[in-house]
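Listed here are the chains, written in short residue letters.
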Amino acid sequence: LSDWRCHRRRNGHRDVDAARMTGIFLKALGAGILCAMCSVRFNGHGKDIPVAGFIGFLAAFAMGFFEDLYLRAFVSGLVYSVTSEIMGRILDKPVAVYYAPVLVPFVPGKLTFVMMGEFVTGDKLAALDRLAEILCISGMIALAILIVETVFRQFDERKDGKTAL
């Protein structure tokens, strides 16, 4: 490593180097393209397609800065829930138009495939361990969506003059 990288690490600075940042950006770009394609698959029309891609890009970009698998799932859920709510209000669309296509790249599909292979080969303990991991990731995404929905609903009720709770 060059002297400046060692110097930064010795002094406790945590900078994202260019290679890691490029990797995060490329993965986020791929997730954005996938979300746009899934929007077409889920009958997205007009502006909904690039908006779904933009939301997927932001969620994947934000989760790229975290290492923990469950924290990544929670952060991506928060980012795409908040962004979906905001874009739904700006474009006067239901939020569900963006939830379905953006959710596709963030669910643990590879883990599910591996789990099914473990069940088929008879390794039930590893398959159950994988199932617990899948449920934790899905639960973190669902919890993030629930928190954002609750907060936005509270703001809507206060704005409309209804008493919250």
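Refer to the structure above for everything that follows.
The model shown is predicted, which means the values in this text are computed figures rather than measured ones. (Residues numbered from 1 in each chain as written. Predicted model: local features only at pLDDT ≥ 70, side-chain atom pairs only at ≥ 80, totals over all residues. Heavy atoms only, no water.)

Caption draft 1: Summary view of the overall build of the protein. Scanning the protein for helices and strands turns up seven helices and zero strands. In the protein, which comprises 165 residues, the proportion classed as buried is 31%. When the accessible surface of the protein is totalled, it reaches about 10600 Å², and 66% of it is carbon and sulfur. (Helix = DSSP H or I, 4+ residues; strand = E, 2+ residues; numbered from the N terminus. Buried < 20%, exposed > 50% of the residue type's maximum accessible area, 1.4 Å probe, protein only. Areas by Shrake-Rupley, 256 points an atom, 1.4 Å probe, with all protein chains shown as cover.)

Caption draft 2: Focus on the side chain of Ser81. Position of Ser81 among the secondary structure elements: in helix α4 (residues 69-90). Within the structure, the side chain of Ser81 is placed 2.6 Å from the backbone oxygen of Gly77, a separation counted as a polar contact. (Polar contact = N/O pair within 3.5 Å; in protein donor to acceptor, adjacent residues only side chain to side chain.)

Caption draft 3: Structural context of α4. Here α4 spans 31 Å end to end across 22 residues, near enough to the 32 Å set by a 1.5 Å rise per residue. The secondary structure elements touched by the buried residues of α4 are α3 (48-63), α5 (96-103) and α7 (124-160). Count one or two residues on from α4 and you reach Asp92, which has phi positive near 55°. (Expected span 1.5 Å × (residues − 1). Contact = heavy atoms within 4.5 Å.)

Caption draft 4: Examining the packing of α3 against α5 more closely. The N-to-C vectors of α3 and α5 enclose an angle of 55°; their axes lie 9 Å apart at closest approach. Taken together, α3 and α5 sit at an angle that is classed as oblique. Handedness of the crossing formed by α3 with α5: right-handed. The residues of α5 that touch α3, namely those facing Asp48, Val51, Ala52, Ile55 and Gly56, are Val97, Tyr98, Pro101 and Val102. Here the contact of α3 with α5 is built from residues that sort into seven nonpolar, one polar and one charged. (Axes fitted to C-alpha atoms, helices over the stretch in contact; angles between N-to-C directions. Parallel < 35°, antiparallel > 145°, perpendicular 65-115°, else oblique. Left-handed = near helix turned anticlockwise from the far one by under 90°. Nonpolar A, V, L, I, M, F, W, Y, C, P; charged D, E, K, R; others polar.)

Caption draft 5: How the structure looks around the nonpolar core. Residues Ile55, Tyr80, Val102, Phe106 and Ile141 are the most contacted members of the largest nonpolar core, which totals 25 residues. Those elements that provide at least two residues to this core are α2 (18-41), α3, α4, α5, α6 (109-121) and α7. Counting residues per element, this core draws most heavily on α3, which supplies seven residues. (Core = buried A, V, L, I, M, F, W, Y, C linked by side-chain atoms within 4.5 Å.)

Caption draft 6: Focus on a nonpolar patch on the surface. A contiguous nonpolar patch, built from Phe25, Leu26, Leu29, Ile33 and Met37 and spanning about 490 Å² of accessible area, is present on the exposed surface. Structurally, Phe25 can be placed in helix α2. According to the relative accessible area criterion, Phe25 is partly exposed, its value standing at 39%. (Patch = residues over 30% accessible without salt bridge, like charges linked within 9 Å, V, L, I, M, F, W, Y side chains within 5 Å. Salt bridge = Lys/Arg side-chain N within 4 Å of Asp/Glu carboxyl O.)

Caption draft 7: Quick peek at α7. Taking 1.5 Å per residue, 37 residues should reach 54 Å; α7 reaches 52 Å between its end C-alpha atoms and fits that length. Every buried residue of α7 is listed here: Ala127, Ile134, Ile137, Ile141, Ala144, Ile145, Val148 and Phe152. In this fold, the buried residues of α7 make contact with α4, α5 and α6. Directly after α7, the chain includes Gly161, whose backbone phi takes a positive value near 90°.

Caption draft 8: Main features of the side chain of Thr83. As for its position among the elements, Thr83 is in helix α4. Given the relative accessible area of 12%, Thr83 is considered buried. In terms of polar contacts, Thr83 uses its side chain to reach the backbone carbonyl oxygen of Val79, at 2.6 Å. If sequence neighbours within four positions are ignored, Thr83 has contacts with Ile55 and Leu58.

Caption draft 9: Seen up close, the packing of aromatic side chains. On inspection of all chains with the given rule, the structure shows five aromatic pairs. Considering the side-chain rings of Phe57 and Phe61, the 5.8 Å spacing of their centres and the 20° angle between planes classify their relative orientation as stacked. Of the two residues, Phe57 and Phe61 are both situated in helix α3; the distance of four residues between them amounts to about one turn of the helix. Looking at Phe61, the relative accessible area reads 22%, which means it is partly exposed. Ring geometry for Phe61 and Phe65: centres 5.2 Å apart, planes at 85°, overall edge-to-face. Through pairs of rings, three or more aromatic residues link up here, namely Phe25, Phe57, Phe61 and Phe65. (Phe/Tyr/Trp six-rings, centres within 6.5 Å; stacked < 30°, edge-to-face > 60°.)

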